[in-house]
Amino acid sequence: MSSVPSPHSELVGALYRDHRGWLLSWLRRNVACPQRAEDLSQDTFVRLLGRDELLTPREPRAFLVAIAKGLLFDYFRRAALEQAYLAELMLIPEGEQPSVEEQQLILEDLKAIDRLLGKLSTKARAAFLYNRIDGLGHAEIAEKLGVSVPRVRQYLAQGIRQCYVALYGEPT
């Protein structure tokens, strides 16, 4: 492996040098916790490094904000998921609650499933959640989403596959 920086990493480095301070300021205005803003700033550039292909953006700050907003959305969605889990946990009698270790494992599984469901289209994710959480049938989901029943079946299959991957890894 060569120690010569690739054009890709050089571009990310330039974006980092030129815009990191500005992005961090933007994030601090949008996140109450300064450490979370710092983490999201770093995660934005890590996300860029993980891309297979990266072209020089015409509007670097708008480009970075778009990535940071996605990360911010994911953070708030996971925080809401964690709060919902903890609220449900409070409804279980104390003697029947899982141990702290089990609670943490369950929460990590929920986060993994959430990350994978986040890879689905909006309609596929909605169909899966309508079915699994709200208990709606295929026809009800189709009506809510304005799609056909066979399309709902496809969406549900996509959701089930993502859950399988979260729990067991990619099928071989």
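Quick caveat: nothing in here was measured; it's all calculated off a predicted structure.

Enquirer: So what's going on with the packing of aromatic side chains? Residues and values would help.
Expert: Inspection of every chain in the model, using the stated rule, returns three aromatic pairs. Geometrically, the ring pair formed by Tyr16 and Phe45 is edge-to-face, given 5.0 Å between the ring centres and 75° between the ring planes. Taken together, the residues Tyr16 in helix H1 (residues 7–30) and Phe45 in helix H2 (residues 34–49) connect sequence positions 29 residues apart. The exposure class assigned to Tyr16 is partly exposed, which follows from its relative accessible area of 31%. Look at Tyr164 and Tyr168: their rings are 5.1 Å apart centre to centre, the planes differ by 50°, and that puts the pair in the tilted class. Of this pair, Tyr164 and Tyr168 both sit in helix H7 (residues 149–168), four residues apart, which is roughly one turn of the helix. Of the residues examined, Tyr164 reaches a relative accessible area of 41% and is grouped as partly exposed.

Enquirer: Lay out the side chain of Thr44 in plain terms, naming residues and giving numbers.
Expert: With respect to the helices and strands, Thr44 occurs in helix H2. The exposure class assigned to Thr44 is buried, which follows from its relative accessible area of 0%. Each residue touching Thr44, except ones within four places of it in the same chain, is listed here: Leu23, Leu64, Ile67, Ala68 and Leu71.

Enquirer: Describe the environment of Asp43, with residues and values.
Expert: As for its placement among the helices and strands, Asp43 is situated in helix H2. Residue classification places Asp43 among the partly exposed positions, given a relative accessible area of 36%. Sequence-wise, Asp43 and Ala127 are 84 residues apart; in three dimensions their C-alpha atoms are separated by 30 Å.

Enquirer: Requested: an account of the side chain of Gln162, with residues and values cited.
Expert: Take Gln162: it is sitting in helix H7. Residue classification places Gln162 among the buried residues on the basis of a relative accessible area of 11%.

Enquirer: Give me the lowdown on the nonpolar core, citing residues and values where you can.
Expert: Grouped together as the largest cluster of nonpolar side chains are 20 residues, with contacts concentrated most on Leu23, Leu27, Phe45 and Leu48. Contributions of two or more residues to this core are made by H1, H2 and helix H3 (60–90). With near-sequence residues (within four places) excluded, Leu27 lies in contact with Ala37, Leu40, Ser41 and Ala68. Counting 15 residues, the second-largest nonpolar core is a separate cluster that includes Ile113, Leu120, Ala127 and Tyr155.

The rules behind these values
Residues numbered from 1 in each chain as written. Predicted model: local features only at pLDDT ≥ 70, side-chain atom pairs only at ≥ 80, totals over all residues. Heavy atoms only, no water. Phe/Tyr/Trp six-rings, centres within 6.5 Å; stacked < 30°, edge-to-face > 60°. Helix = DSSP H or I, 4+ residues; strand = E, 2+ residues; numbered from the N terminus. Buried < 20%, exposed > 50% of the residue type's maximum accessible area, 1.4 Å probe, protein only. Contact = heavy atoms within 4.5 Å. Core = buried A, V, L, I, M, F, W, Y, C linked by side-chain atoms within 4.5 Å.

Spatial relationships are all this shows, so hold off on functional conclusions.
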